[in-house]
Amino acid sequence: MDTIEKLHSIFYGSSRAYGSFMVHNSSLSQKTQGIAKTNKTMGAALKHWREHIEGTKGLGIIPIDEENYVKWGAIDIDIYSLNLKNLVKKVEEFELPLVVCRSKSGGAHVYCFVKEKVSAAIMQDKLREISAGLGYGGVEIFPKQREILVDRGDIGSWLNMPYFDGDNSLRYAFDNEGNALSLDNFIKFIENRLV
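Each value, and the rule that gives it
- Residues numbered from 1 in each chain as written.
- Predicted model: local features only at pLDDT ≥ 70, side-chain atom pairs only at ≥ 80, totals over all residues.
- Heavy atoms only, no water.
- Phe/Tyr/Trp six-rings, centres within 6.5 Å; stacked < 30°, edge-to-face > 60°.
- Helix = DSSP H or I, 4+ residues; strand = E, 2+ residues; numbered from the N terminus.
- Buried < 20%, exposed > 50% of the residue type's maximum accessible area, 1.4 Å probe, protein only.
- Salt bridge = Lys/Arg side-chain N within 4 Å of Asp/Glu carboxyl O.
- Arc of directions from axis to C-beta.
- Contact = heavy atoms within 4.5 Å.
- Pairing = 2+ DSSP bridges.
- Axes fitted to C-alpha atoms, helices over the stretch in contact; angles between N-to-C directions.
- Core = buried A, V, L, I, M, F, W, Y, C linked by side-chain atoms within 4.5 Å.
- Expected span 1.5 Å × (residues − 1).

A.B. asks: Would you explain the packing of aromatic side chains in this entry?
C.D. replies: Here a ring pair, both rings aromatic, is described through the centre-centre distance and the interplanar angle of the planes. Per the counting criterion, the structure on display carries eight aromatic pairs. Judged by centre distance (5.3 Å) and plane angle (75 degrees), the rings of Phe-11 and Trp-72 are edge-to-face. Of the two residues, Phe-11 is situated in the loop between α1 (3-10) and β1 (18-23) and Trp-72 in strand β4 (residues 69-77); the sequence distance between them amounts to 61 residues. We classify Phe-11 as buried; its relative accessible area is 2%. Geometrically, the ring pair formed by Tyr-172 and Phe-174 is edge-to-face, given 5.3 Å between the ring centres and 65 degrees between the ring planes. Judged by its relative accessible area of 23%, Tyr-172 is partly exposed.

In structure tokens:
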């Protein structure tokens, strides 16, 4: 399985929609500006991941599937002055099996990945508990929805994916010592942190 296929598998989500983000700026000193769009024709395909990694079009994945299960969730900490290395240190001190990534706006997406699908409600509850324990209660949690009603046309909310533009990305993950990970090492790090 190549890198694109691994990412597609790790970030399993909705088969009915995905998000895209066209970046207009990518400065470290300001919130990234661009155009966000929800595509309601199909879930993210390998070609969308390829565009994301190549830096041509940002990809957003909806973690909740049509049966209200997830294989990953994230704590979205939108604090732009956040000391990411201190956050990694706190995650390690608490021995949490989480992966910290820099978000497109300079905050953090703190991911939890599971081996087998779990209900979106269970993931959401656990991540709310963890975010409060880390000192970030009240931040956004993905999946945002505990359940979606497919018959009603619900699709869920998407989160921008890490490693836009591959190893040149500003949206990189950190290892357990707060060092930036390459894309390939990010995948290996996730594989070692699966719950």
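A.B. asks: How do you make sense of the pattern of salt bridges when you look at a structure like this?
C.D. replies: Oppositely charged side chains may form a pair once their charged atoms are brought near each other. Scanning the model with the defined rule gives six salt bridges in all. A salt bridge links Asp-65 to Lys-117, with the nearest nitrogen and oxygen atoms 3.4 Å apart. In this pair, Asp-65 is assigned in the loop between β3 (58-61) and β4 and Lys-117 in strand β6 (residues 108-119), connecting sequence segments 52 residues apart. Put simply, Lys-126 and Glu-129 hold a salt bridge, and the shortest N to O gap is 3.5 Å. Linking Lys-126 with Glu-129, this pair stays in helix α4 (residues 120-133), spanning three residues, or about one helical turn. Overall, Glu-129 belongs to the exposed group, its relative accessible area being 52%.

A.B. asks: Is there a simple way to think about helix α5 (residues 183-192) in this case?
C.D. replies: Along an α-helix, a turn takes 3.6 residues, which lines up residues three or four apart on a common side. Buried within α5 we find Leu-183, Phe-186, Ile-187, Phe-189 and Ile-190. One side of α5 holds all its buried residues, which, seen down the axis, span an arc of 160 degrees. For α5, the elements touching its buried residues are α1, α2 (46-54), β5 (99-102) and β6.

A.B. asks: Even after reading the chapter, I still don't get the sheet that holds β4, so can you show me in this structure?
C.D. replies: Hydrogen bonds between backbone atoms are what pair the strands of a sheet, whose relative direction is either parallel or antiparallel. The strand order across the open sheet built from four strands is β5-β6-β4-β7, with neighbouring strands paired in antiparallel fashion. Each edge of the open sheet is held by one strand with a lone partner, namely β5 and β7 (140-142). With direction set aside, neighbouring strand axes in the sheet form an average angle of 25 degrees. Pairing of β5 with β6, which is carried by four bridges, proceeds in the antiparallel orientation.

A.B. asks: Got a minute to help me understand the nonpolar core in this structure?
C.D. replies: Looking at soluble globular proteins, one finds that nonpolar side chains tend to be buried together. Counting 30 residues, the largest nonpolar core has Ile-75, Ile-77, Leu-87, Val-100, Ala-108 and Val-110 as its most contacted members. Among the elements of the structure, β4, α3 (84-93), β6 and α4 are those that each provide at least two residues to this core. Among the nonpolar cores identified, the runner-up in size contains 27 residues, and Ile-4, Tyr-163, Leu-181 and Phe-186 belong to it.

A.B. asks: I'm lost on α4 in this one. Help?
C.D. replies: Here α4 contains 14 residues, and its C-alpha end-to-end distance of 20 Å stays within 8% of the 20 Å for a straight helix at 1.5 Å per residue. Listed in full, the buried residues belonging to α4 are Ala-120, Ala-121, Met-123, Gln-124, Leu-127, Ile-130 and Ser-131. Residues of α4 that are buried sit in contact with β4, β6 and β7.

A.B. asks: Explanation requested: the environment of Ala-120 in the structure shown.
C.D. replies: Among the secondary structure elements, Ala-120 is positioned in helix α4. Given a relative accessible area of 0%, Ala-120 falls into the buried group. Along the sequence, Ala-120 and Leu-149 sit 29 residues apart, while their C-alpha atoms lie 13 Å from each other. Beyond its immediate sequence surroundings of up to four residues, Ala-120 is in contact with Ile-64, Asn-68, Tyr-69, Val-70, Pro-143, Gln-145 and Arg-146.

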